[in-house]
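Summary of the model geometry
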Amino acid sequence: MFEEKDDTILARWLAGDLTPEELKEFKESEEYGQYVSIVKGLDRLEKPLFDKVSLKERINHALPEKSPETNVFSIKRLVSISAIAATILLLFGLFFTKVSYTTEIGETLIITLPDGTYVSMNSASTLSHKRFFWNSNRKVSLDGEAFFDVTSGDDFVVTTAYGEVAVLGTEFNIHTRKKHFELACYEGKVKYTNNNTQESAQLTPGKAIEVQSDTITPKAAGESPSWMLGKSQFNSTPLREVLEDLQLHYPLTVKTDTIDLDQLFTGSFRYDNLDLALRTICLTMGLEYTFSNNKQSVTLTKR
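Quick summary incoming for the structure in this document. What you are looking at is a predicted structure, and each value in this text was computed from that prediction instead of being measured.

Glancing now at the overall build of the protein. From N to C terminus, the protein includes seven helices and 18 strands. At a minimum sequence separation of 6, the contacts of the protein that also span at least 24 residues come to 45%. Counting every atom, the protein has about 17800 Å² of accessible surface; 52% of that belongs to carbon and sulfur.

So this is what it looks like as structure tokens:
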């Protein structure tokens, strides 16, 4: 990126202080057109109304008296510098504003990133990335679960609370929730690096890992993410996590009373039938369920 060569490039460009050689190189950069578009947008913003004479008098009144031989700082120059500084701050704010996508409970979303990368987001998930300069910084942040089909090009990186996933053109799924992280590779190759331990793992098609308490455990990926088939699949998973996942797909409050939430559940439930999902879980775990508040709340008890 051009601005990495000189972090004052924007300020000097706006002030008209670039040399002919710098200006030529800047105009030939990939980012120049985007800068121009934003500055034009700023010019169209409605300017605040104020009494220029009154403002000047207030500024003059606030300045200390100077002796005749003392150089007096130009008010015009002060206002000019302030305007440039404000414009630069706004310009940087616009450039580094993130684009975010969020899915609600029971909602899924398919998005296409600027490079053509396809992302399918599971419910209650958030994905974000910088608004500009995508091709030189293909990095997204994920909280929740999403399937990625990445186009070829420079390194593509997904950051999560558990660590970073770096890839080249590939297909993979990331599940990153409060107490659970899982990464599965379906095509190409991905590399996971833990935030705390810096331990890493490389995955090829059909491979997956699960991370709990910074411990990386290898596992099989299966043919495709189960959530994309409309169901959640569990293997020796604490009931607490199963019920948390259930509430990601149904707007439901779950009351568990004295049930042991650490007992392990193996099985699956679908997203299109709440009664069937609860029956599947309760039958396996020896529980019963009772609805209340027009099926917005359910209480689980021992059978």
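Having seen the model, we can carry on.
It is worth spelling out the layout of surface pockets at this point. In this structure, the largest pocket occupies an estimated 1000 Å³ of space. What lines the largest pocket is a set of 41 residues, among which His-175, His-180, Glu-182, Phe-234 and Asp-245 lie closest to the centre. Among the secondary structure elements, those contributing two or more residues to the lining of the largest pocket are strand E5 (139-149), strand E8 (171-176), strand E9 (181-187), strand E12 (207-212), strand E13 (215-220), strand E14 (231-238) and helix H6 (239-249). No other element matches the eight residues that E14 contributes to the lining of the largest pocket. Along the lines of polarity and charge, the residues of the lining of the largest pocket split into 12 nonpolar, 17 polar and 12 charged.

This brings us to the pattern of salt bridges. Summed over all chains, the structure comprises five salt bridges. One salt bridge in this structure joins Asp-115 and Arg-138, with 2.3 Å as the shortest N-O distance. Placement of Asp-115 in the loop between strand E2 (109-112) and strand E3 (118-121) and of Arg-138 in the loop between strand E4 (126-130) and E5 is noted, with a sequence separation of 23 residues between them. By the burial criterion, Asp-115 is buried, and Arg-138 matches it. Notably, a salt bridge pairs Glu-182 with Lys-219, separated by 3.4 Å at the nearest N-O pair.

Turning next to the environment of Thr-103. Inspection of the secondary structure puts Thr-103 in the loop between strand E1 (98-102) and E2. On the basis of relative accessible area, Thr-103 is assigned to the buried category, the value being 3%. When neighbours within four sequence positions are excluded, Thr-103 is seen to be in contact with Thr-108, Leu-109, Met-121, Asn-122, Ser-123, Ala-124 and Ser-125. A polar side-chain atom of Thr-103 sits 2.6 Å from the main-chain carbonyl oxygen of Asn-122.

A word on the environment of Glu-107. Its place among the elements puts Glu-107 in the loop between E1 and E2. For the pair Glu-107 and Leu-248, spaced 141 residues apart in sequence, the C-alpha to C-alpha distance is 8.9 Å. Once residues lying within four places of it in the same chain are set aside, the contact partners of Glu-107 are Thr-102, Asn-122, Ser-123 and Ala-124.

A word on the packing of aromatic side chains. Where two aromatic rings form a pair, the distance of their centres and the angle of their planes describe that pair. The tally for this structure, following the rule as stated, stands at 10 aromatic pairs. With 6.2 Å between their ring centres and 65 degrees between their planes, Phe-269 and Tyr-271 make a pair best called edge-to-face. Its relative accessible area of 2% is what places Phe-269 among the buried residues.

About the thresholds
- Residues numbered from 1 in each chain as written.
- Predicted model: local features only at pLDDT ≥ 70, side-chain atom pairs only at ≥ 80, totals over all residues.
- Heavy atoms only, no water.
- Helix = DSSP H or I, 4+ residues; strand = E, 2+ residues; numbered from the N terminus.
- Contact = heavy atoms within 4.5 Å.
- Areas by Shrake-Rupley, 256 points an atom, 1.4 Å probe, with all protein chains shown as cover.
- 1 Å grid on protein atoms, 1.4 Å probe; cavity = no way out; pocket = protein on both sides within 12 Å on 5 of 7 lines; lining within 4 Å.
- Points joined across faces, edges and corners; volume = space filled by probe spheres on them.
- Nonpolar A, V, L, I, M, F, W, Y, C, P; charged D, E, K, R; others polar.
- Salt bridge = Lys/Arg side-chain N within 4 Å of Asp/Glu carboxyl O.
- Buried < 20%, exposed > 50% of the residue type's maximum accessible area, 1.4 Å probe, protein only.
- Polar contact = N/O pair within 3.5 Å; in protein donor to acceptor, adjacent residues only side chain to side chain.
- Phe/Tyr/Trp six-rings, centres within 6.5 Å; stacked < 30°, edge-to-face > 60°.

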